[in-house]
Amino acid sequence: MPELPEVEHVRRGLEPWAVGSRIESLRVLDPRILGTTSKRTVDATAVDRLTASVPGGLVEGACRRGKFMWLPLATGSVFPDSAPEVPAGWAVALHLGMSGQVRIHTADDAVHRHTRAVFDMRSADGAPWQMRFVDQRIFGHIGLEPLVTGLGSPRLVAASAARIAPDPFEDGFDAEGLARTLKGRRTAIKAALLDQGVVSGIGNIYADEALFAAGVHPAARTDRLRISRIENTLHAARAVMARAIEAGGTSFDELYVNVNGESGYFDRSLGVYGKAGSPCTRCGETVRSSTIAGRTSHWCPSCQKPQRRY
DNA sequence: AGAATAACCTGTCTGC
DNA sequence: TGCAGACAGGTTATTC
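I will try to describe carefully the structure that is included in this document. (Residues numbered from 1 in each chain as written. Chains lettered and ligands numbered in written order. Predicted model: local features only at pLDDT ≥ 70, side-chain atom pairs only at ≥ 80, totals over all residues. Heavy atoms only, no water.)

Between helix H1 (residues 4–18) and helix H6 (residues 227–246), whose axes approach to 9 Å, the crossing angle comes to 40 degrees. One way to sum up the angle between H1 and H6 is to call them oblique. For the pair H1 and H6, the crossing hand works out as right-handed. Facing Leu4, Pro5, Glu8, His9 and Arg12 of H1, the residues of H6 in contact are Met241, Ala244 and Ile245. (Axes fitted to C-alpha atoms, helices over the stretch in contact; angles between N-to-C directions. Helix = DSSP H or I, 4+ residues; strand = E, 2+ residues; numbered from the N terminus. Parallel < 35°, antiparallel > 145°, perpendicular 65-115°, else oblique. Left-handed = near helix turned anticlockwise from the far one by under 90°. Contact = heavy atoms within 4.5 Å.)

Encoded structure:
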């Protein structure tokens, strides 16, 4: 559920707490949260290695690219005895997956049912607090990762985000150049928007909303769209996500909340997502849905006609 | 190259 | 009321 606007809202909530704080200890309540894809291969020593490594880590920032988030740690503040050779340093990586949450707590707050990991933190002024990673479905992930050079810019990113393209809010994001690249590919525009190696941060909700805003059919092939239409769609994605950030993100239930457990309200502004069978707010035509690029997609057949030619 | 599938999970909702 | 089945905001590996 969390796409770029939701992750950004979490990042903004976390930043003032985390930056300048030191990690005192980490408790992993469910080892599966350390896995990325093949959860079964989380080896027995992974939890011990992680919990032994992070104490002492001094948080220097709260960063995000697309849906990936990480907290860079001060050089030398982790692995006190034998620091592995990592040129650019380490970071605590946090990916929310489908149902992940980062919550700020004090030690005596009741522990939520789906809490998978608890970081005991101490702020610069000595105040203790907890960063808890809550995740119902365990598609999320936490880890201690090296910082590496990311795609498309000299920026450092956590290793798990090494193959993630810049998101539409980064300086290195080039909508026109990207539109030209996509013109040379033969894929549904929706598949391109969802491909985090092309442009990051866009998920199923904002892909559909961006396409609706731009008046482009989700199944339209990029090689059959004018470059300007592709570029407009990318600008639309940025614009719709910017509005969602302002609204605190989109949530349909309690699965997406900010660090204080509060929901966003952008769902009230959605144009087509989840509105199959309802009249289009722009023209009154009935919104349709079907599977495109492997995901349930929503569009207005009148506002988003299939593009056959230029 | 790109599409389709399955896998990783838990919870909720729908229909019989 | 119970139960099977479908479905959910993401990512990755594999197969065709």
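Right, let's get into the environment of Glu246. Along the polypeptide, Glu246 turns up in helix H6. Along the sequence, Glu246 and Ser25 sit 221 residues apart, while their C-alpha atoms lie 34 Å from each other.

Once that is clear, we can look at the sheet that holds strand S5 (residues 100–105). Across the sheet, which stays open at both edges, the 4 strands sit in the order S1-S6-S7-S5 with antiparallel pairing between neighbours. Every interior strand has two partners, whereas the edge strands, strand S1 (22–28) and S5, have only one. Taking each pair of neighbouring strands and ignoring which way they run, the sheet shows an average axis angle of 20 degrees. Sheet topology note: the S5/strand S7 (residues 128–135) ladder contains 6 bridges and is antiparallel. (Pairing = 2+ DSSP bridges.)

On to the packing of helix H3 (residues 175–183) against H6. The geometry of H3 relative to H6 is characterised by a closest axis approach of 8 Å and an angle of 130 degrees between their N-to-C directions. When the interaxial angle is binned, H3 and H6 end up oblique. Viewed along their axes, H3 and H6 form a crossing whose handedness is right-handed. Of H6, the residues touching H3 (which contributes Ala175, Glu176, Leu178, Ala179, Arg180, Leu182 and Lys183) are Ile227, Ile230, Glu231, Leu234 and His235.

Below, the discussion takes up the sheet that holds strand S3 (residues 68–72). Pairing is antiparallel in the open sheet, where 5 strands are placed in the order S2-S3-S4-S8-S9. Each having just a single partner strand, strand S2 (63–65) and strand S9 (156–158) make up the two edges of the open sheet. Taking each pair of neighbouring strands and ignoring which way they run, the sheet shows an average axis angle of 35 degrees.

Attention shifts here to the pairing of S3. Taken residue by residue, a regular strand's side chains alternate between the two faces of the sheet. With 5 of 5 residues buried, S3 is to be regarded as a mostly interior element. What you see with S3 is no split at all: Phe68, Trp70 and Pro72 on one side and Met69 and Leu71 on the other are buried throughout. In terms of strand pairing, S2 meets S3 through 3 bridges, oriented antiparallel. Bridging across to S3, Arg65 finds its partner in Phe68. In this antiparallel pair of consecutive strands, S2 and S3, the connection spans 2 residues, and Gly66 shows a positive phi of 60 degrees. With 5 bridges connecting them, S3 and strand S4 (residues 90–95) associate as antiparallel partners. Looking across to S4, one finds that Met69 is bridged to Leu94. (Buried < 20%, exposed > 50% of the residue type's maximum accessible area, 1.4 Å probe, protein only.)

With that out of the way, let us pick up the pattern of salt bridges. Scanning all chains against the criterion turns up 15 salt bridges. With a closest N to O distance of 3.5 Å, Arg116 and Asp30 form a salt bridge. Separated by 86 residues along the polypeptide, Arg116 in strand S6 (residues 115–122) and Asp30 in the loop between S1 and helix H2 (46–53) bring together distant segments of the chain. In this structure, Arg116 and Asp30 share a single accessibility class: buried. Through salt bridges with shared partners, a single network forms among Glu8, Arg11, Arg12, Glu15, Arg64 and Asp167. (Salt bridge = Lys/Arg side-chain N within 4 Å of Asp/Glu carboxyl O.)

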